[in-house]
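Each chain, written out:
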Amino acid sequence: MNIILLGPPGAGKGTQAKLISEKYSIPHISTGDIFRKNISEKTPLGVKAKEYMDKGQLVPDELTIDLVKDRLQSDDCKKGFLLDGFPRTVKQAEALDEFLKSNNSQIDFALLIEVPNEFILDRMTGRRVCQSCGGSYHIKFNPPKEESKCDICGGILIQRKDDKEETVKERLNVYEKQTQPLVDYYNEKNALCKVNGTETIDNVFKDICNILGSDK
Ligand code: AP5
Ligand code: MG
Ligand code: ZN
């Protein structure tokens, strides 16, 4: 099963991705997490990506597309994958389709998690992420069992640099201009499924499971 997650910053893509990946045993591939790992390791890719991410802008397609194609060729993607935060531009979506087609494959579900802008700021400012595994928490809506410590791996929870109010606003602009067109793109391919992301985390997950069904 090949799935992509669409939705504005703070929609809950990372939160749901963790749950889906566990239930359906498919790898969770988050381009944002991959870039953040490269930034923390100060790799050449990380240095370049940081310039854009800190401003809330997209990392150029040239740096992003090959990275994902490489990742999708790993053995663990043979029985399916879950992409979180990719594709984000029509060019990325076309490159992904072309790649999958050449492997006799396709996107089965493009899950759009819909959340109006007025919810987003609250979610972003309260978000804490695990420095080690990328796990996402919220001080009010999804607190860790122990303060500032990841439930899954025990890593330290920090605030993301791009979760400042001005940067969040820029990310929302960028989403509207560059990523929103993908909603029509996947709708035309009959892969789009909409989920109400303003529900609780558990209820959003239930809706997603109803869409995906019980097959693995
Ligand atoms: P990325 O890391 O993908 O960030 P994003 O799309 O902006 O989304 P977020 O991770 O902020 O939100 P989310 O939807 O995952 O929400 P979460 O589950 O954490 O990208 C970051 C940057 O990397 C981009 O700006 C860009 O520069 C670059 N980049 C990445 N991919 C790229 C690409 N393909 N091309 C070019 N550049 C790229 O939830 C948010 C908060 O809300 C959490 O605190 C959570 O606990 C809480 N929450 C979740 N669900 C609920 C709920 N149902 N009710 C209440 N609270 C909830
Ligand atoms: Mg995320
Ligand atoms: Zn962790």
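For the chain, the name recorded in an unreviewed UniProt entry is Adenylate kinase, with Clostridium acetireducens DSM 10703 as its organism. Listed in UniProt under the heading Subunit (unreviewed entry), the comment for the chain reads: "Monomer."

**Q** Got a minute to help me understand unusual backbone geometry in this structure?
**A** Excluding glycine, residues mostly carry a negative phi; peptide bonds, for their part, are mostly trans. Here Phe86 and Pro87 are connected by a cis peptide whose omega angle stands at -5°. Inspection of the secondary structure puts Pro87 in the loop between β3 (81-84) and α5 (90-102). The residue Ser25 is not glycine, and still its phi comes out positive at about 50°. Note that Ser25 resides in the loop between α1 (13-24) and β2 (28-30). Using a relative accessible area of 34% as the deciding quantity, one classes Ser25 as partly exposed. In this model, Ser148 sits at a positive phi of 60°, which is unusual for a non-glycine residue. Mapped onto the fold, Ser148 is located in the loop between β6 (136-138) and β7 (157-158). Given a relative accessible area of 41%, Ser148 falls into the partly exposed group.

**Q** Can you help me understand the side chain of Ser30 in this one?
**A** Topologically, Ser30 is positioned in strand β2. Taking relative accessible area as the criterion, Ser30 reaches 7% and is therefore assigned buried. If near-sequence neighbours (up to four positions away) are discounted, Ser30 is found in contact with Arg36 and Asp84.

**Q** Can you walk me through the packing of aromatic side chains in this structure?
**A** Aromatic rings considered in pairs are described by the distance between their centres and by the relative angle of their planes. Taken as a whole and assessed by the stated rule, the structure comprises 1 aromatic pair. With 5.0 Å between their ring centres and 70° between their planes, Tyr185 and Tyr186 make a pair best called edge-to-face. Classification of Tyr186 by relative accessible area gives buried; the value is 1%.

Parameters at a glance
- Residues numbered from 1 in each chain as written.
- Chains lettered and ligands numbered in written order.
- Predicted model: local features only at pLDDT ≥ 70, side-chain atom pairs only at ≥ 80, totals over all residues.
- Heavy atoms only, no water.
- UniProt positions renumbered as here; feature names shortened; annotations may be inferred.
- Helix = DSSP H or I, 4+ residues; strand = E, 2+ residues; numbered from the N terminus.
- Buried < 20%, exposed > 50% of the residue type's maximum accessible area, 1.4 Å probe, protein only.
- Contact = heavy atoms within 4.5 Å.
- Phe/Tyr/Trp six-rings, centres within 6.5 Å; stacked < 30°, edge-to-face > 60°.

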